[in-house]
Amino acid sequence: MPYSNPVLPGFYPDPSICRVGSDYYLVTSSFQFFPGVPIFHSRDLVHWRQIGHCLERESQLDLEGCKSSLGIFAPTIRHHDGRFYMVTTNTNGFRNFFVWADKPEGPWSEPVWLDWPGIDPSLFFDDDGRVYLTGTGGFLGNEPLGIYQAEIEIDTGRLLSDRKFIWSGTGGKAPEGPHLYKIEGIYYLLIAEGGTEYGHMVTIARSDSPYGPFEICPGNPILTHRSTDSPIQATGHADLVETEDGSWWAVFLGIRPAPFMFRGLHHHLGRETFLAPVSWSSDGWPMIGDAGKAALTMDAETLPLGQAAVRPPAKDDFENGQLPFYWNFLRNPAEGSWTLDDRPGWLTLYGSAPSLDDAGAPAFVGRRQQHFDCAVSAKLSFDPVKDGEEAGLTVYRDEKFHYEIALAHRNGTRKVILRRRVGSLWKVELEEDYDASEIVLGIEADASRYSFYFASPGGERKTFGFGECSFLSSEVAGGFTGVYFAMYATGNGQPCSTSAAFDWFEYIPTNE
Ligand code: 6LW
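Every value quoted in this text rests on a predicted model; they were computed, and no experiment measured them.

Some details on the overall build of the protein chain
Along the protein chain, the regular secondary structure elements total one helix and 39 strands. Taking 24 Å as the expected radius of gyration for a compact globule of 512 residues, we find that the protein chain reaches 23 Å, a close match to that expectation. In terms of principal-axis extent, the alpha carbons of the protein chain reach across some 75 × 45 × 45 Å. A total of 512 residues make up the protein chain; the buried ones form 61% of that total. Pairs at least 24 apart in sequence give 58% of the contacts found in the protein chain among residues at least 6 apart. Of the roughly 19,300 Å² of accessible surface on the protein chain, a fraction of 50% belongs to carbon and sulfur atoms. Side-chain charges of the protein chain comprise 41 positive and 67 negative groups, with the mean position of each set lying 4 Å from the other.

Okay, structure coming up:
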């Protein structure tokens, strides 16, 4: 039976996976978004359902002042002795820590801080009871670049040994994202190299000792799409899992550049999570996918497929008093900036001084764009009375790259506006007087552009301009994240005197 890649479309990079019986759990990076480290469950490795976040409290995830694309980098999830562990780096301060939980949906513990520099920490529980912490060091120029390791006491996080340099990789730039495994008595060290862009790859080495010296796999890289014209690019940062029937699979990140003829590659959906089978050579080396390549459609082989894809409902009515897990805030949300209680059945945002142009915490509730072709709309009720007050929908990459259609008070009157910000270029492209307080705002996306419209509830749609997807891509904006669609409210430098209430928000993939 075939399955489709990516298995987690949209901005879900640096996947890490573990298996408990016939259940799989997967986590990804989350950067400046809150809550942090989404956790997913699957029974077949292909269909994933989000069951929570590992970091859902401010005491676990301080994003105050976090620069865009910093915050939570590559996590690792492991299960040992009835307990789940998720270890990661908050690069907003560059501190490594783990949290643990008895149930994957939480509650997760307070952070256990590690006296450990660098990024991409991983845990390996050996069968002799020792626990190894492996990570990436040297990228700040303070020590040789490569993979470091020490033994730790898992109850306290205390280091039990020196931190040792164990591998520099095969010569690619940015050796990082290590995971150590013991397979049939041999230690395998899997890493990413080449940087997370188009030169990305996965390499592996093995040894009789967890510290090496490591024998380098003659088939390296065991995954890369560099210098190919595959629709999947930048594959790397993998984690391996063995199924109950003894077959092996890899999850890894990759990107899908939108097809722009002759204009170079651009990807705006972020780095996504892919799945491919792992085969083993007769002399004990793994290979991912088809000779190191993955495809958009692959054979599920022995995976127990058959579950219907679990997708969140297209329309969120804000009726059940809780935000579904796919919603995120930007940094730690300001106290009182959002509520489902003030107007039951509506999401109410209280705009404050920070705007979408600030690297702060504006009132913002967003979800990832997961499909090139999709239609987003929301019904807003908002009575702005002072100049600067504004609420609406944004297509948001970061504070320097975003487009919005909004209801705003400008130059003494209420207007619908379309604004685009691309780096230091900034413009309100269109504005039109709008007297009522209720409005439907919409965005239609295809692989190359966003088209914006508005309507009075029940009224005719009016198309209100366009914006290129490529200007919100990583190739233009830089960084590690992908595009979000979000509801927001702001006073643009002052608190909003009125709230903005959203009755519903709809996200429909339109080409599946
Ligand atoms: C992550 C590193 C990487 O820590 O990108 O692609 C960094 N790999 O391993 C941020 O996602």
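Moving on from the model shown.
Notes on the pairing of strand 15 (residues 176–183)
Of all the eight residues making up strand 15, seven are buried; the element is thus mostly covered by neighbouring parts of the structure. Where strand 15 lies against strand 16 (residues 186–193), six bridges are found, and the strand directions are antiparallel. Directly across from Glu176, in strand 16, lies its bridge partner Ala192. From the end of strand 15 to the start of strand 16, which pair antiparallel, there are two residues, and Glu184 there has a positive phi angle of about 50 degrees.

Quick word on the sheet that holds strand 33 (residues 413–422)
In any sheet, the strands associate via hydrogen bonds between backbone groups, in a parallel or an antiparallel arrangement. One open sheet holds the six strands; their spatial order is 29-38-31-32-33-34, and the pairing between them is antiparallel. Sheet topology places strand 29 (363–368) and strand 34 (425–433) at the edges, where each strand pairs with a single neighbour. For this sheet, the mean inter-axis angle between neighbouring strands, taken without regard to orientation, is 20 degrees. Where strand 32 (residues 401–410) meets strand 33, 10 bridges bridge the pair, whose relative direction is antiparallel. By the bridge assignment, Phe401 is partnered in strand 33 with Val422.

Thoughts on the site of the ligand
Contacts to the ligand come from Asp14, Phe31, Phe73, Ala74, Ile119, Asp120, Glu176, Thr196, His200, His237, Leu253 and Arg271. Asp14 has a polar side-chain atom sitting 2.4 Å from an oxygen atom of the ligand. Interatomic distance of 2.5 Å between a side-chain N/O atom of Asp120 and an oxygen atom of the ligand. For the ligand, whose accessible area on its own is 290 Å², the fraction buried by protein is 98%. Partitioning the shell around the ligand into residue classes produces five nonpolar, three polar and four charged.

What about the domain arrangement of the protein chain?
As assigned here, the protein chain comprises domain 1 (2–299) and domain 2 (315–509). Here the C-alpha centroids of domain 1 and domain 2 sit 33 Å apart. Our count for the contact surface shared by domain 1 and domain 2 stands at zero salt bridges. Taken together, the connections running from domain 1 to domain 2 amount to 16 residue pairs in polar contact (both at pLDDT 80 or more). If you list the elements that add at least two residues to the side of domain 1 that touches domain 2, you get strand 4 (33–34) and strand 6 (49–55). A per-element tally of the side of domain 1 that touches domain 2 places strand 6 first, with four residues.

Observations concerning the UniProt feature "domain: Beta-xylosidase C-terminal Concanavalin A-like" (unreviewed entry) in the protein chain
Following the UniProt record, the feature "domain: Beta-xylosidase C-terminal Concanavalin A-like" (unreviewed entry) maps to residues 315–507 here. Along residues 315–507 one finds 2% helix and 51% strand; the C-alpha atoms at either end are 6 Å apart.

Structural notes on the nonpolar core
Judged by nonpolar contacts, the single largest core of 66 residues is most densely connected at Tyr450, Met487 and Phe505. Here this core gets five residues from one element, more than from any other, and that element is strand 30 (residues 374–382). Excluding its chain neighbours within four sequence positions, the residues that come into contact with Phe505 are Ala314, Lys315, Asp316, Phe318, Trp327, Arg367, Val376, Ser377, Ala378, Leu393, Phe485 and Met487. If you look at the next biggest cluster of nonpolar residues, it comprises 40 residues, including Tyr12, Ile232, Trp248 and Trp249.

Concerning unusual backbone geometry
Here the bond from Asn5 into Pro6 is cis, since omega is -5 degrees, no more than 30 degrees from zero. Examined against the element boundaries, Pro6 turns out to sit in the loop between strand 1 (2–4) and strand 2 (16–20). Of note, the bond from Gly212 into Pro213 is cis; its omega dihedral lies within 30 degrees of zero at 5 degrees. Tracing the backbone shows Pro213 in the loop between strand 17 (201–207) and strand 18 (215–216). Phi angles above zero are rare outside glycine, and Phe94 is one such case at about 50 degrees. Within the element layout of this structure, Phe94 appears in the loop between strand 8 (83–90) and strand 9 (95–101).

What to know about the environment of Phe466
Note on placement: Phe466 falls in strand 37 (residues 462–468). Judged by its relative accessible area of 37%, Phe466 is partly exposed. Distance from Phe466 to Glu444, taken between C-alpha atoms, is 9.4 Å for residues 22 residues apart in sequence. Not counting the four nearest positions on each side in its chain, Phe466 is found in contact with Leu418, Arg420, Arg449, Tyr450, Ser451 and Phe452.

Calculation rules
Counting of residues starts from 1 at the beginning of each chain's written sequence and follows it residue by residue. With the structure being a predicted model, the display of local features is reserved for residues of pLDDT at least 70 and the display and counting of side-chain atom pairs for 80 or more, all residues being used for whole-chain, interface and lining totals. Working from all heavy atoms in the structure, the side-chain values ignore hydrogens and water. Secondary structure elements are taken from DSSP: a helix is a run of H or I of four residues or more, a strand is a run of E of two residues or more, and numbering for both begins at the N terminus. Values of the radius of gyration come from C-alpha atoms, whereas the globule rule sets the reference at 2.2 Å times the count of residues to the power 0.38. The classification of residues rests on relative accessible area computed with a 1.4 Å probe and restricted to protein chains. Under 20% of the type maximum is buried, over 50% is exposed, and intermediate values are partly exposed. Whether two residues are in contact is decided by their heavy atoms: any pair within 4.5 Å suffices. In these tables, accessible area is a Shrake-Rupley quantity obtained with a 1.4 Å probe, and a residue counts as shielded only by the protein chains included in the view. Neither His nor the chain ends is counted toward charge; the positive residues are Lys and Arg and the negative residues Asp and Glu. For this purpose, a charge sits on NZ of Lys, CZ of Arg, CG of Asp or CD of Glu. In this analysis, strands are considered paired if DSSP registers two or more bridges between them. Interaxial angle, 0 to 180 degrees, is taken between N-to-C directions of lines fitted to C-alpha atoms, where a helix line uses only the stretch in contact. Near residues are defined by distance, with any heavy atom within 4 Å of the molecule or strand qualifying the residue. Two N or O atoms count as a polar contact when they lie within 3.5 Å, although within protein this holds only if one can serve as hydrogen donor and the other as acceptor, and sequence-adjacent residues are included solely when both atoms are side-chain atoms. Think of it as three bins: nonpolar holds Ala, Val, Leu, Ile, Met, Phe, Trp, Tyr, Cys and Pro, charged holds Asp, Glu, Lys and Arg, and polar takes everything else, Gly as well. Note: domain ranges come from an automatic or database domain assignment. For this analysis, a salt bridge means a side-chain nitrogen from Lys or Arg found within 4 Å of a carboxyl oxygen belonging to Asp or Glu. UniProt positions are given in the numbering used here, feature names are shortened, and annotations may be inferred rather than shown by experiment. Side-chain atoms within 4.5 Å link the members of a nonpolar core, which is a set of buried Ala, Val, Leu, Ile, Met, Phe, Trp, Tyr and Cys residues.

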